[in-house]
Amino acid sequence: MSNDEKDRFGQKLHDVEAARENEWARKRDQELLEKLRAQKNAATCPECEQKLVPDAEHGTGGLVCPERHGAWLSWDTIMKMLDRLSRPERK
Ligand SMILES: [Zn+2]
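Everything numeric here is computed off the predicted structure, so don't read it as measured data. (Residues numbered from 1 in each chain as written. Predicted model: local features only at pLDDT ≥ 70, side-chain atom pairs only at ≥ 80, totals over all residues. Heavy atoms only, no water.)

K.L.:
When you look at a nonpolar patch on the surface in this model, what are you seeing that I'm missing?
P.N.:
Nonpolar side chains collect at one region of the surface, where Trp75, Met79, Leu82 and Leu85 lie side by side and expose about 450 Å² of accessible area between them. Looking at the element boundaries, Leu82 is found in helix α2 (residues 75–86). (Patch = residues over 30% accessible without salt bridge, like charges linked within 9 Å, V, L, I, M, F, W, Y side chains within 5 Å. Areas by Shrake-Rupley, 256 points an atom, 1.4 Å probe, with all protein chains shown as cover. Salt bridge = Lys/Arg side-chain N within 4 Å of Asp/Glu carboxyl O. Helix = DSSP H or I, 4+ residues; strand = E, 2+ residues; numbered from the N terminus.)

Okay, structure coming up:
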């Protein structure tokens, strides 16, 4: 291998490494962005500021404060609950 070839090979290796680093940086940036977005969208309890968690216990599809200070439910869910409560034959 001539010196010129070695240089070109070295440059190629360098390019491949740079591309890998760029890919890694891009992935990391995207992960950070997604994390930030998730944090921004994460509903928190106004009482204790803890992140609201899915209400698996009642299956409402809503989010509840882990300390049970309150809950966030979709309007649709609230309407269905009110409808169920207003029926005389409720269980
Ligand atoms: Zn709370």
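K.L.:
Can you walk me through the environment of Asp76 in this structure?
P.N.:
Along the chain, the position of Asp76 falls in helix α2. Note: C-alpha distance between Asp76 and Ala18 (58 residues apart in sequence) is 51 Å.

K.L.:
Looking at this model, I keep getting lost on the coordination of the zinc ion. Mind explaining?
P.N.:
Ideal values for angles at a metal depend on the geometry: 109.5 degrees with four tetrahedral donors, 90 or 180 degrees with six octahedral donors. Within the first shell, the zinc ion binds the protein through Cys45 (SG), Cys48 (SG), Cys65 (SG) and His69 (ND1), at distances of 2.0 to 2.3 Å. Taken together, the 4 donor atoms surrounding the zinc ion define angles of 106 to 115° at the centre, an arrangement classified as tetrahedral. Read N to C, the donor residues that coordinate the zinc ion are spaced as C-x2-C-x16-C-x3-H. Remark: His69 occurs in the loop between β2 (63–64) and β3 (71–72) and Cys45 occurs in the loop between α1 (3–41) and β1 (53–54); sequence separation between them is 24 residues. A relative accessible area of 3% means that Cys45 is categorised as buried. The exposure class of His69 is partly exposed, given its relative accessible area of 44%. (Donors = N, O, S within 2.8 Å, 3.2 Å for Na, K, Ca; no water. Tetrahedral: all angles 85-135°; square planar, octahedral: opposite > 155°, others 65-115°. Buried < 20%, exposed > 50% of the residue type's maximum accessible area, 1.4 Å probe, protein only.)

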